[in-house]
Structures are given as C-alpha cells and as structure tokens.
Amino acid sequence: MVACMEREILITGIGGQGVQLAAQVIARAAVADGREVMLLGTYGGTMRGGSTDSCIVIADAPIRTPPIVSRAWAVLAMHDRFFAPSGAKLRSGSLAFVNSDLFEAKLDLPGVRVLGVEATRVANRVASSMAASLVLAAGFAGATGLVTLESLVSAMEECVPSYRRQHVEANQRALHAGFELLAGQAEPAWPGEASAA
C-alpha cells in the first residue's frame, strides 16, 4: 500500500494583500488537478493591516491532516510582520517563498530553502500591486509543480467575484509572470510526476 503524500502550505501576510484569494486559487487549482484539498483561512481583528493567514493541505489521497498543522512543507509570506508563527512551523527540507520587495526581516531558518520573489515589483510591471499575492502563489506553483498554470488561471477566474471582474485580465498576467519567474527552481511537490508547467 502506497502512503498518502500530503503537502501543507501556509500563506501569511497583512490583511488586504490578497492572502485569502491566493490560498483559494491554489486550493481550487489543486482540486482541478485531481488532488484532495482542505483549506482554512484565519483573520486578525481588522480587515486591513491586521494578520491574515491560510493553511492549505493538499494530498494525492484522502486527507488525514486537518487544516490546522504544527509542521508545514512550505510557507508563502507576503510580509514579514506576521511571519514568525508560520516560519516556526517549517520543518527541515521545507520551502519559504517570501515577497522580497516587502520582506525585511533576516531569516534564520536552518534546513529551509528560502526563495525571494519580487512579487510586488512583478505585479506592478504586469498588472497592479494588488496582484502581488498571485505572483507569489504562481511563483511557488511554478517552482514546485504543485499545480498547473492552467488550473491556477481557471481557479482565479472562479474566485474573483462579479463586482471585481475588471481585474481578471490583470490577474491572468500576474499568474503567468509569477509562474514563469521560478519555473522548476525547487524540488517537485509530487516526486515521480511530470512537471506541472
């Protein structure tokens, strides 16, 4: 019997940076790619400026881990302000993707591979700064092959509410740019499978 492979992904940032949207996009893309998924979003006491976090568990079989985890395979950090609790959950051999445009803290994470992504800069170039979380999420997906670019784009289109449809085209550009930015630069999320590119 083959053991279930689970990937725990934490996304953290400041309210208003798109952390919850990025988490929903990754989760829906994983479902579209045939994975089992659990997602839990948490928010601080304010809509903007407070902490916002998401935990996504993605697996290749029914999930055994609830979406509240003590250890994680990867963290995506939009800002360093609320990173410490998520960073402390990274185990040796895991990944940290940080928005290097806003992340100022010095990271001391033994055994963790840290990849800086100029998410805000890329988002400003191809879309707007509001799409930085999507650039970071897509960079993570491109680096690890966790989900396909096609699934990310479709998931984003499903997640964007009708009153925000004017952002869909810019979000598509942000996902494409982020995915290409780090394509294949980390160990594959699903060893033995073809690249998700």
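Notes on the structure follow.

### Section: the overall build of the protein
No. 1: Tallying secondary structure elements over the protein gives six helices and six strands in all.
No. 2: Ordered by position from N to C terminus, the α and β elements of the protein give β-α-β-β-β-α-β-β-α-α-α-α.
No. 3: Relative to the globule expectation of 16 Å for 197 residues, the C-alpha radius of gyration of the protein, 15 Å, shows essentially globular dimensions.
No. 4: Across its three principal directions, the C-alpha atoms of the protein cover 50 × 35 × 30 Å.
No. 5: Within the protein, the fraction of its 197 residues that count as buried is 50%.

### Concerning the side chain of threonine 144
No. 1: With respect to the helices and strands, the residue threonine 144 is situated in helix α4 (residues 132-144).
No. 2: Side-chain polar atoms of threonine 144 contact the backbone oxygen of phenylalanine 140, separated by 2.9 Å.

### Some thoughts on the packing of α4 against helix α6 (residues 168-181)
No. 1: It is at 7 Å that the axes of α4 and α6 come closest, and there the two elements cross at 40°. Of the possible angle classes, the one that applies to α4 and α6 is oblique. Crossing hand, α4 versus α6: right-handed. Each of Leu134, Val135, Ala138, Gly139, Ala141 and Gly142 in α4 lies in contact with α6, whose residues at this interface are Asn171, Ala174, Leu175, Gly178 and Phe179.

### With respect to helix α1 (residues 19-32)
No. 1: In this model, α1 (14 residues) spans 20 Å end to end at C-alpha, consistent with the 20 Å of a helix rising 1.5 Å per residue.
No. 2: Of the positions making up α1, those classed as buried are Val19, Gln20, Ala22, Ala23, Val25, Ile26, Ala27, Ala29 and Ala30.

### Quick look at the environment of alanine 137
No. 1: Position of alanine 137 relative to the elements: it lies in helix α4.
No. 2: Once the C-alpha coordinates of alanine 137 and alanine 170 are considered, the two residues, 33 residues apart in sequence, prove to be 15 Å apart.
No. 3: With residues near it in sequence (within four places) discarded, alanine 137 still touches Ala22, Ile26 and Leu76.

### Side note on the packing of aromatic side chains
No. 1: Inspection of every chain in the model, using the stated rule, returns three aromatic pairs.
No. 2: Ring geometry for phenylalanine 83 and phenylalanine 103: centres 5.2 Å apart, planes at 85°, overall edge-to-face. One end of the pair, phenylalanine 83, is in the loop between β4 (72-77) and α2 (84-87); the other, phenylalanine 103, is in the loop between β5 (90-99) and β6 (113-117), with 20 residues separating them in the sequence.
No. 3: One aromatic cluster is present, built from ring pairs that chain together Trp73, Phe97 and Phe140.
No. 4: The ring of tryptophan 190 has arginine 35 sitting right over it, with the charged end atom 4.0 Å from the ring centre.

### A word on the nonpolar core
No. 1: Judged by nonpolar contacts, the single largest core of 52 residues is most densely connected at Ile9, Ile26, Leu76, Phe97, Phe140, Leu146 and Leu152.
No. 2: The element best represented in this core is α4, accounting for nine residues.
No. 3: Not counting chain neighbours up to four residues away, the residues in contact with isoleucine 9 comprise Ser54, Cys55, Ile56, Ile58, Trp73, Ala74, Leu76, Phe140 and Leu146.
No. 4: Of all hydrophobic cores here, the second largest spans 14 residues; its members include Leu10, Val75, Ala96 and Val98.

### Notes on the environment of alanine 132
No. 1: With respect to the secondary-structure elements, alanine 132 resides in helix α4.
No. 2: Each C-alpha atom, one on alanine 132 and one on asparagine 171, is 9.2 Å from the other, the two residues being 39 residues apart in sequence.
No. 3: Ignoring sequence-local partners within four residues, the contact set of alanine 132 consists of Met78, Ala119, Thr120 and Ala123.

The rules we used
Residues numbered from 1 in each chain as written. Predicted model: local features only at pLDDT ≥ 70, side-chain atom pairs only at ≥ 80, totals over all residues. Heavy atoms only, no water. Helix = DSSP H or I, 4+ residues; strand = E, 2+ residues; numbered from the N terminus. Rg over C-alpha atoms; globule rule 2.2 N^0.38 Å. Buried < 20%, exposed > 50% of the residue type's maximum accessible area, 1.4 Å probe, protein only. Polar contact = N/O pair within 3.5 Å; in protein donor to acceptor, adjacent residues only side chain to side chain. Axes fitted to C-alpha atoms, helices over the stretch in contact; angles between N-to-C directions. Parallel < 35°, antiparallel > 145°, perpendicular 65-115°, else oblique. Left-handed = near helix turned anticlockwise from the far one by under 90°. Contact = heavy atoms within 4.5 Å. Expected span 1.5 Å × (residues − 1). Phe/Tyr/Trp six-rings, centres within 6.5 Å; stacked < 30°, edge-to-face > 60°. Lys NZ or Arg CZ within 6 Å of the ring centre and 35° of its normal. Core = buried A, V, L, I, M, F, W, Y, C linked by side-chain atoms within 4.5 Å.

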